[in-house]
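Fold and geometry: a report
Read off the chains here:
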Amino acid sequence: LPVPDPADPAALDELHTEDERLVRETVRKLLDKLVEPHIAEWFEVGAIPGVRELARELGSIGLFGMHLEGYGCPGMSAVDYGLACLELEATDSGLRSLVSVQGSLAMYAIWRWGSEEQKQEWLPRMAAGEAIGCFGLTEPDVGSDPGSMRTVARRDGSDWILDGRKMWISNAPYSDVAVVWAGTDEGVRGFVVPTDTPGFSAPEIKHKLSLRASATGELVLDGVRLPASAMLPEARSLKGPLSCLNEARYGIVWGALGAARSCLETARRYSRERVQFGRPIGAFQLTQQKLADMCLEYVKGYLLALHLGRKKDAGTLRPEHVSMGKLNNVREALEIARSARTVLGANGISLEYPVIRHMTNLESVLTYEGTVEMHTLVLGQLLTGEQAFR
Ligand code: FAD
């Protein structure tokens, strides 16, 4: 038997079908051409110049709403979608966020809870990357506990009037449509809001030191008048937004591994080239221990992601499973990034290498889509039967 490939020491590749490998290679090829050469600069300037053209390119290979059926969506498997997320986040978590928010949050909300008319109007354009969407749940005073949201929607004749503020909303500054969650007399409901509606604005949140290649904004809703047809008819409680988050979190289970792989590979290569005390630093036992630990966590995280992906495709994936995957894989990816950072020494803090960018990005990923603490409590509840949220 041949010696395992150091870039895939556990031969994880053998777990995939030819078609899955093809999906992965198609995504990687596009990213290598269009994004990889520019991503460090986009992170540094805090913007993706030409985000609309990029969105159309990503749409052209079916990355938006990739695992949804119909309405121009590719209808691929959950594992295919996971592999795409991994490749996207190996480039940058901000780019994966663009795709997750578009496909798993905004499009999924419309696809799962929307009217036929809403689906026809938005999904084909969003799948093609011609329209960009965002998803507004978090507010300035409401994060982990969305049941306390203050944004309200009240009826005025057959119309709805929305008032409130959303905070930390990915894609908001360049979105054409916002899915906004608001409290009503009938519980939490979702609204499909074209961003040119009077009273709506989405100012960008500046000064982020993480996820800089992703625009984040507020949503300001100041007497936004919407027709009755703007409400998502099938979503009647917090179950609506939570179902979308579950979809996006599934993508993060895989995505975080992409950032981890990039860090591990960078550290491994660096350890072979960098010479100190007359030897490559990879020849020192302390460096080897770091690389071995990174490698093991990556492999374990990958096996978990693939298991969850196969379960999702079989229709047996529960939200608790997604919590386990998100909690473990983001936490371990961040540890891998921090450890890789030390292997690179001073170069580890430079944008000349991807490691510090992944590391700071993963700080956001640890918090959004359910904080590491929230997912710990979900698992704690599963294990003990005791709810420790409140
Ligand atoms: P809080 O809920 O205030 O929590 C603060 C701390 O207290 C955390 O450590 C938390 O775990 C802990 N905590 C809270 N309650 C408990 C408890 N019961 N037990 C133990 N610990 C607890 N939101 C959107 O709606 N749409 C988006 O597109 C979006 N994009 C984002 C992009 C970025 C870059 C970031 C950083 C955030 C984004 N978010 C988005 C918001 C994100 O989902 C929230 O930040 C997250 O849910 C946590 O809320 P919070 O920041 O208000 O923290």
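Source: prediction; values computed, not measured. (Residues numbered from 1 in each chain as written. Predicted model: local features only at pLDDT ≥ 70, side-chain atom pairs only at ≥ 80, totals over all residues. Heavy atoms only, no water.)

**Remarks on the overall build of the protein**
In terms of helices and strands, the protein carries 11 helices and 11 strands. Rg of the C-alpha trace for the protein: 21 Å, near the compact-globule value of 21 Å for 390 residues, within the 12% margin. Once the C-alpha set of the protein is aligned to its principal axes, its extents read approximately 80 × 45 × 40 Å. Looking at the 390 residues of the protein, the share that counts as buried comes to 54%. Across the protein, contacts joining residues at least 24 apart in sequence account for 75% of those joining residues at least 6 apart. Only carbon and sulfur atoms are counted for the fraction: they give 53% of the accessible area of the protein, which is about 17100 Å². Separation between the mean location of the 42 positive side-chain charges and that of the 51 negative ones in the protein comes to 3 Å. (Helix = DSSP H or I, 4+ residues; strand = E, 2+ residues; numbered from the N terminus. Rg over C-alpha atoms; globule rule 2.2 N^0.38 Å. Buried < 20%, exposed > 50% of the residue type's maximum accessible area, 1.4 Å probe, protein only. Contact = heavy atoms within 4.5 Å. Areas by Shrake-Rupley, 256 points an atom, 1.4 Å probe, with all protein chains shown as cover. Lys, Arg positive; Asp, Glu negative; His and termini not counted. Charge placed at Lys NZ, Arg CZ, Asp CG, Glu CD.)

**Side note on the nonpolar core**
L58, F135, W181, L232, W254 and Y298 are the most contacted members of the largest nonpolar core, which totals 99 residues. It is helix 7 (residues 239-273) that provides the largest number of residues to this core, a total of 15 residues. For L232, the residues in contact, after removing those within four places along its chain, are A109, I110, W113, G114, Q118, V179, W181, R189, G190 and V192. Judged by nonpolar contacts, the second largest core, of 18 residues, contains C134, A153, A182 and L219. (Core = buried A, V, L, I, M, F, W, Y, C linked by side-chain atoms within 4.5 Å.)

**A look at the site of the ligand**
T138, S144, W168, T371 and E373 are the nearest of the 18 residues found near the ligand. A distance of 2.6 Å is found between an oxygen atom of the ligand and a side-chain nitrogen or oxygen belonging to S144. The separation between a nitrogen atom of the ligand and a polar main-chain atom of W168 is 2.7 Å. Computed on the free molecule, the ligand has an accessible area of 970 Å², of which 67% lies beneath the protein chains in the complex. (Near = heavy atom within 4 Å. Polar contact = N/O pair within 3.5 Å; in protein donor to acceptor, adjacent residues only side chain to side chain.)

**A short note on unusual backbone geometry**
The phi torsion at Y71 lies on the positive side, around 55 degrees, for a residue other than glycine. Within the element layout of this structure, Y71 appears in the loop between strand 1 (69-70) and strand 2 (73-74). On the basis of relative accessibility, which here comes to 24%, the residue Y71 falls in the partly exposed class. Look at E369: it is not a glycine, yet its phi comes out positive at around 60 degrees. The topology assignment puts E369 in the loop between helix 10 (355-367) and helix 11 (372-384).

**Quick word on the side chain of R189**
Among the secondary structure elements, R189 is positioned in strand 7 (residues 187-194). Note on R189: relative accessible area 4%, which makes it buried. Contacts of R189, omitting those with residues within four sequence positions, involve V180, W181, A182, T184, M231, L232, P233, A235 and R236.

**Points about the packing of helix 8 (residues 285-314) against helix 9 (residues 319-343)**
To describe two helices that pack against each other, one gives the angle between their axes and the distance between the axes. Where helix 8 contacts helix 9, the two axes come as close as 9 Å, and the packing angle between them is 160 degrees. Comparing their axes, helix 9 and helix 8 come out roughly antiparallel. Helix-helix and strand crossings are classified by hand; for helix 8 and helix 9 the assignment is left-handed. Contacts between helix 8 and helix 9 involve T287, K290, M294, E297, Y298, G301, L304, A305, L308 and K311 from the first element and H321, V322, M324, G325, N328, N329, E332, I336, S339, A340, T342 and V343 from the second. The class makeup of the residues in the contact of helix 8 with helix 9 is 10 nonpolar, eight polar and four charged. (Axes fitted to C-alpha atoms, helices over the stretch in contact; angles between N-to-C directions. Parallel < 35°, antiparallel > 145°, perpendicular 65-115°, else oblique. Left-handed = near helix turned anticlockwise from the far one by under 90°. Nonpolar A, V, L, I, M, F, W, Y, C, P; charged D, E, K, R; others polar.)

**Focus on helix 5 (residues 93-113)**
One turn of an α-helix holds 3.6 residues; hence residues three or four places apart share an orientation. Along helix 5, the sharpest kink reaches roughly 40 degrees, centred on M107. Counting buried positions along helix 5 yields 19 of 21 residues, so the element is predominantly enclosed. Two to three positions downstream of the cap, the backbone nitrogen of G94 sits 2.7 Å from a side-chain oxygen, assigning the N-cap of helix 5 to D92. (Bend = angle between axes of the 7 residues up to and from the residue.)

**Side note on the pattern of salt bridges**
Tallied over the full model, the rule gives 27 salt bridges. A salt bridge links R28 to E87; its shortest N-O distance comes to 2.6 Å. One end of the pair, R28, is in helix 1 (residues 18-34); the other, E87, is in helix 4 (residues 78-91), with 59 residues separating them in the sequence. Across the pair, E87 and R28 agree in class, each one buried. Between R318 and E320 there is a salt bridge; the shortest N-O distance is 2.6 Å. R318 sits in the partly exposed class, given a relative accessible area of 46%. (Salt bridge = Lys/Arg side-chain N within 4 Å of Asp/Glu carboxyl O.)

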